[in-house]
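Examination of the molecular architecture
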Amino acid sequence: MTAKIIDGKAFSAKVRAAVATDVETLKAKHGVTPGLAVVIVGKDPASEIYVRNKVKQTAEAGMNGWHYELPAETTEAELLAKVEALNADPAVNGILVQLPLPKHINESAIIAAIAPEKDVDGFHVINSGLLATGGRAMVPCTPLGCLLMLKDTLGDMTGMKALVVGRSNIVGKPMAQLLLDANCTVTIAHSRTRDLAAEVAQADIVVAAVGVPELIKGAWVKEGATVIDVGMNRIPKEDGKTKLVGDVEYAAAAERASAITPVPGGVGPMTIAMLLRNTVTATCRQNNIDPDAL
Ligand code: NDP
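Keep in mind that what you see is a predicted model, and the values were worked out from it rather than measured.

**Describing the nonpolar core**
- Membership of the largest hydrophobic core comes to 50 residues, with the highest contact counts inside it found for Val19, Leu150, Met157, Met175, Leu179 and Val207.
- At the level of secondary structure, the elements contributing two or more residues to this core comprise helix 1 (8–30), strand 2 (35–41), helix 6 (141–154), strand 5 (161–165), helix 7 (172–181), strand 7 (205–208) and helix 10 (267–286).
- For this core, the leading source of residues is helix 10, giving nine residues.
- For this core, the two domains that each supply at least three residues are domain 1 (30–115) and domain 2 (141–268).
- Once you skip the residues sitting within four places of it in the chain, Val207 turns out to touch Leu150, Leu163, Val164, Val165, Met175, Leu179, Ile228 and Val230.
- If you look at the next biggest cluster of nonpolar residues, it comprises 18 residues, including Val165, Val221, Ala254 and Ile260.

**Quick notes on the side chain of Asp121**
- Residue placement: Asp121 occurs in the loop between helix 4 (107–113) and helix 5 (125–132).
- In this structure, Asp121 is buried with no salt-bridge partner, the nearest side chain bearing the opposite charge being Lys54 at 5.8 Å.
- Asp121 has contacts with Leu96, Val97, Val139, Pro140 and Cys141, leaving out every residue within four places of it along the chain.

**Comments concerning unusual backbone geometry**
- Across the junction of Leu99 and Pro100, the peptide omega takes the value 0 degrees, indicating a cis bond.
- Tracing the backbone shows Pro100 in the loop between strand 4 (94–97) and helix 4.
- Residue Pro264 follows Val263 across a cis peptide bond; omega there is 0 degrees.
- Here Pro264 shows up in the loop between strand 11 (259–260) and helix 10.
- Phi is positive for Asn183, close to 70 degrees, though the residue is something other than glycine.
- Topologically, Asn183 is positioned in the loop between helix 7 and strand 6 (185–189).
- Here the phi dihedral of Glu214 falls at roughly 50 degrees; this positive angle occurs in a residue that is not glycine.
- With respect to the helices and strands, the residue Glu214 is situated in the loop between strand 7 and strand 8 (226–229).

**Quick word on the pairing of strand 3 (residues 64–70)**
- Sheet topology places strand 2 next to strand 3; seven bridges connect them, and they run parallel. Across the sheet, residue Gly35 finds its bridge partner in strand 3, namely Asn64.
- For the crossover from strand 2 across helix 2 (residues 45–60) to strand 3, the handedness is right-handed.

**Examining the side chain of Asp22**
- One can find Asp22 in helix 1.
- Look at Asp22 and you get buried, because its relative accessible area is 14%.

**Some words on the sheet that holds strand 2**
- Pairing in this open sheet of three strands is parallel, and the strands run 3-2-4 from one edge to the other. Of all the strands in the sheet, the pair left with one neighbour each is strand 3 and strand 4. In this sheet, neighbouring strand axes are inclined to one another by 15 degrees on average, regardless of whether the strands run parallel or antiparallel.
- Where strand 2 meets strand 4, four bridges bridge the pair, whose relative direction is parallel. Looking at strand 4, one finds that Val38 is bridged to Leu96.
- Each of strand 2, strand 3 and strand 4 touches helix 2; the most contacted strand, strand 2, lies at about 165 degrees to it.
- Contacting strand 2, strand 3 and strand 4, helix 3 (residues 76–88) crosses the sheet at an angle of about 165 degrees to strand 4.

**Description of the domain arrangement of the chain**
- Its domain assignment divides the chain into domain 1 (30–115) and domain 2 (141–268).
- Its C-alpha centre places domain 1 at a distance of 29 Å from the equivalent point of domain 2.

Cut-offs used in this document
- Sequence order sets the numbering: in each chain, residues are counted from 1 along the sequence as written.
- Where local features are concerned, this predicted model is filtered to residues with pLDDT of at least 70; where side-chain atom pairs are given and counted, the filter is 80 or more; whole-chain, interface and lining totals use all residues.
- Heavy atoms from the whole structure form the basis of all side-chain values; hydrogens and water molecules are not counted.
- Here the nonpolar core consists of buried residues drawn from Ala, Val, Leu, Ile, Met, Phe, Trp, Tyr and Cys, with membership extended through side-chain atoms lying within 4.5 Å.
- Whether a residue is buried, partly exposed or exposed follows from its accessible area with a 1.4 Å probe, protein chains only, as a fraction of its type maximum: under 20%, in between, or over 50%, in that order.
- Secondary structure counts use DSSP, requiring at least four H or I residues in a row for a helix and at least two E residues in a row for a strand, with both numbered from the N terminus.
- Domain extents, as shown, originate in an automatic or database domain assignment.
- Should any heavy atoms of two residues lie within 4.5 Å, those residues are counted as being in contact.
- Here Asp and Glu are counted as negative and Lys and Arg as positive; His is not counted, and neither are the chain ends.
- What makes a salt bridge here is a side-chain nitrogen of Lys or Arg within 4 Å of a carboxyl oxygen of Asp or Glu, nothing more.
- Two strands form a pair only when DSSP identifies at least two bridges running between them.
- When the strands point away from the viewer, a crossover counts as right-handed if the path from the first strand over the helix to the second runs clockwise.
- The axes used here are C-alpha line fits, helices contributing only the stretch in contact, and every angle between their N-to-C directions lies in the interval 0 to 180 degrees.

Structure (structure tokens):
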């Protein structure tokens, strides 16, 4: 079997176009313009690229965007004050503090300070609690993007065996929760899992969020499975340059899977699209507008 390639770039363009339409409707029918504030502390080249893309795509979707670049010496108290000011600003519907933060700032304290209804990253404990209990959560962008791609590829996933490799709070755990909500039978694997190959071999759906280049071998993948590769690992090439690879041995897995996301061009582009989608969702909830009725 040769897998269908799930094109995250094309899919994310569709999501962003739908978001832009919703933003137009919000402006025209309700007089509301969604607004996203992004805060970055210090200079981290990878984060700067993400933030630049976020700001650009916010504008392209017709939203208001604010971009705050704070110096690396910013204290925790100063950052908390910035978050409080954004919480209090009615024009700001979504707040994103780019992680990682410099070591002298307690990330958990900053995430906890963001108003849960403006937490478009979905990292606040209130939102993880709501997700775990079937409430109206803000759902973390990367797993939400993976879910959308899976639904688009598979339709109803009821009864399927899903394996999530990785148990981080930002990807693995919320992903497992979303698959459970979609009526999958879910297994979560991690660094202490005894026989990862055996777990992969049983799964109809594999979501890999590990951070180890090509950990999941193509030969482990069940014939006809759907594989979503969240991993983004930069590895050296022979010519001294680097390349981006996922957590799955792509070419070999593509021979067995029925559908697979490439790296790059799979999950990555969906993450920012879901951030925009979450900002629209947050705006609707804050203004008592039904997002499904837009
Ligand atoms: P974390 O480092 O927080 O979590 C990694 C998880 O993988 C842990 O639960 C760890 O287990 C598990 N793990 C590590 N080694 C193994 C192993 N040998 N076998 C099985 N499980 C293992 O990473 P994140 O969840 O933040 O990110 C995962 C990957 O996804 C990274 O490559 C990251 O760059 C990428 N990413 C991509 C995004 C995108 O937009 N495309 C967004 C976010 C992340 P344990 O808990 O036991 O230590």
